[in-house]
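Residue strings, one per chain:
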Amino acid sequence: MGLHRLTSITLGVPDVAASTAFFHDFGLTGDGLLSTRDGGEQLELVASATRSLERLGVGTDDPDDFDRIAARVGHSGLGAVVESSDGRLVLSEPVTGLLVEVTMAEPYAVLPTPHTFNRPGVNERFDVPAESVLAADGVAPSNLTHVVYGTPDQPTTLQFFTDVLGFEISDQVPGIIAFTRCGEVHHNLAIQAAPVAFPHHIAFEVDDIDDVVRGGQSMVDADPERNMWGVGRHAIGSNWFWYLRDPSGTFVEYTADIDRISAQDLYRPKDWQGHEFLYSFGPPVPAEFLEPSDLADLIAAS
Ligand SMILES: [Fe+2]
């Protein structure tokens with residue numbers, strides 16, 4: 001199998017305490033290293049003058065990947081090996097210096113939750129209300145499922161992740177954004193053209209649409225300023241979404257029911273045009289989602 005999922009990321013934020021409080025409300029647990037329900041410690045927050053993506057962790061189940069990837073760094077001339085030790089390889093991405101850490105990782109051990117859906121012709125639940133109606137606890141995100149990363153040289157950053165790391169392209173709008181994956185989930189990393197390197201958003205997978213709505217509404221009820229965009233369903237990847245805004249300005253997504261791809265040659269990407277790829281249905285896309293309001297500050301600080 002080789003690479004199969006994201007492991008963890010490090011986000012730089014100006015106010016670690018404020019962002020930590022945001023992610024606690026979001027459903028993550030712990031301090032400094034925040035945990036998801038099924039992925040363990042997946043989000044590290046560190047102090048930074050401006051918001052940034054400092055490190056992206058990728059998990060493999062094949063120990064030969066370390067030598068293979070290190071060799072491809074040399075052959076491609078893209079990026080550099082920063083650290084190589086037993087079971088751990090750290091590379092620097094050639095455009096932005098993003099650290100990419102490859103480690104051995106187990107697949108997520110997920111116990112399916114008993115969510116039932118009645119629909120015409122399929123009755124899964126009799127005599128009791130829906131599980132989400134009875135749920136007493138807040139939403140517990142299962143795992144860190146994708147990151148969307150802006151880079152000032154999108155083709156080169158994309159080439160690094162495909163040619164060196166071995167990510168595959170699921171869908172793309174050439175030169176604008178490429179949705180790539182390192183496992184079955186439609187996208188783990190989307191690489192978008194931007195005037196400066198920055199984390200556009202990070203996404204956590206929840207059990208179903210009920211949890212997307214329950215989580216999003218709870219976050220917005222606590223602070224309406226957190227609302228960014230949702231609830232809706234993306235076109236590329238099919239995933240449900242509700243985007244919030246963390247105090248640093250990075251968008252944070254509850255997502256569910258994203259496409260899975262079993263093999264590249266069995267998958268037929270549609271030919272997406274313009275902004276059609278953004279969503280199938282939902283509220284109109286906010287201008288700030290396309291161009292975050294702090295972009296000028298991020299450029300000035302770069
Ligand atoms: Fe997303």
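One can find the structure itself at the top, above this paragraph.
Residues numbered from 1 in each chain as written. Predicted model: local features only at pLDDT ≥ 70, side-chain atom pairs only at ≥ 80, totals over all residues. Heavy atoms only, no water.

1. As for unusual backbone geometry
To keep it simple, the criterion reads: Only DSSP runs of H or I with at least four residues qualify as helices, and only runs of E with at least two residues qualify as strands; both kinds are numbered from the N terminus onward.
Following G230, the chain continues into V231 via a peptide bond in cis, with omega recorded as 0°. Here S238, not a glycine, exhibits a phi torsion of approximately 65°, which is positive. By the element assignment, S238 lies in the loop between β13 (227-233) and β14 (240-245).

2. Side note on the pattern of salt bridges
Working definition: two side chains of opposite charge can pair if their charged atoms are close together. Threshold: The rule for a salt bridge is simple: a side-chain nitrogen of Lys or Arg has to be within 4 Å of a carboxyl oxygen of Asp or Glu. Categorising residues by exposure relies on relative accessible area from a 1.4 Å probe, with only protein chains included: less than 20% of the type maximum marks a residue as buried, more than 50% marks it as exposed, and the intermediate range marks it as partly exposed.
The tally for this structure, following the rule as stated, stands at 15 salt bridges. Residues R119 and E124 are paired through a salt bridge, measuring 3.5 Å at the closest nitrogen-oxygen approach. Relative accessible area serves as the criterion here: at 39%, E124 is assigned to the partly exposed category. Salt-bridge contacts for R214 lead to D211; the nearest nitrogen and oxygen are separated by 3.4 Å. Of the two residues, R214 and D211 both sit in helix α5 (residues 209-222), three residues apart, roughly one turn of that helix. Bridged by salt links that share partners, the residues R55, E83, R88 and E101 form one connected network.

3. Quick word on the side chain of E253
Using the following cut-off: Polar contacts here mean pairs of N or O atoms no more than 3.5 Å apart (in protein, one a potential hydrogen donor and the other a potential acceptor; neighbouring residues in sequence count only if both atoms are side-chain atoms).
Along the chain, the position of E253 falls in strand β15 (residues 251-256). Polar contacts involving the side chain of E253 include one to the side chain of H201, which spans 3.2 Å.

Remember that the coordinates give geometry; whether it matters functionally is a separate question.
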